[in-house]
Amino acid sequence: MARIDERQEFSSWLLALQAGVLTEIQLDTLQQLIDDGKAVDLEAAARYLDWQDSVIDPTEHFYGH
């Protein structure tokens, strides 16, 4: 899982991955999801974190952002 101190400066893990702007630590975070069996590849891991961010932040989720 992403840690608070790794808070990204982008709105989507998937878009950041596709744009090639993730740091090594952020890529390691995605790889850990694969290693933990929560995702099959980096894109799936990025989608998982995007989904998780939408559920964990109830204010954003409530307003549909």
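These numbers were taken from a predicted model, which means no experiment stands behind them. (Residues numbered from 1 in each chain as written. Predicted model: local features only at pLDDT ≥ 70, side-chain atom pairs only at ≥ 80, totals over all residues. Heavy atoms only, no water.)

Visitor: Any chance you could explain the overall build of the chain here in plain terms?
Guide: Within the chain, the regular secondary structure consists of 4 helices and 0 strands. Counting helices and strands in the order they occur from the N terminus, the chain gives α-α-α-α. Looking at the chain alone, contacts between residues at least 24 apart form 39% of all its contacts between residues at least 6 apart. Total accessible area on the chain is roughly 4,700 Å²; 56% of this is exposed by carbon and sulfur atoms. (Helix = DSSP H or I, 4+ residues; strand = E, 2+ residues; numbered from the N terminus. Contact = heavy atoms within 4.5 Å. Areas by Shrake-Rupley, 256 points an atom, 1.4 Å probe, with all protein chains shown as cover.)

Visitor: How do you make sense of the nonpolar core when you look at a structure like this?
Guide: Most often, soluble globular proteins keep nonpolar side chains buried together rather than apart. In terms of nonpolar packing, the biggest core is built from 11 residues, these being Trp13, Leu14, Ala16, Leu17, Leu22, Leu30, Leu33, Ala39, Ala45, Ala46 and Leu49. Looking at this core, the elements with two or more residues in it are helix H1 (13–19), helix H2 (24–35) and helix H3 (42–56). The element contributing the most residues to this core is H1, with 4 residues. In contact with Leu22, other than residues within four places in its own chain, are Phe10, Trp13, Ala16, Leu17, Leu27 and Leu30. (Core = buried A, V, L, I, M, F, W, Y, C linked by side-chain atoms within 4.5 Å. Buried < 20%, exposed > 50% of the residue type's maximum accessible area, 1.4 Å probe, protein only.)

Visitor: Just checking my understanding: could you explain the environment of Gln26 for this structure?
Guide: Within the fold, Gln26 resides in helix H2. Judged by relative accessible area, which is 9%, Gln26 ranks as buried. As a C-alpha pair, Gln26 and Ala46 span 20 residues in sequence and 9.9 Å in three-dimensional space.

Interpretation note: all reported values are geometric properties and have no functional meaning in isolation.
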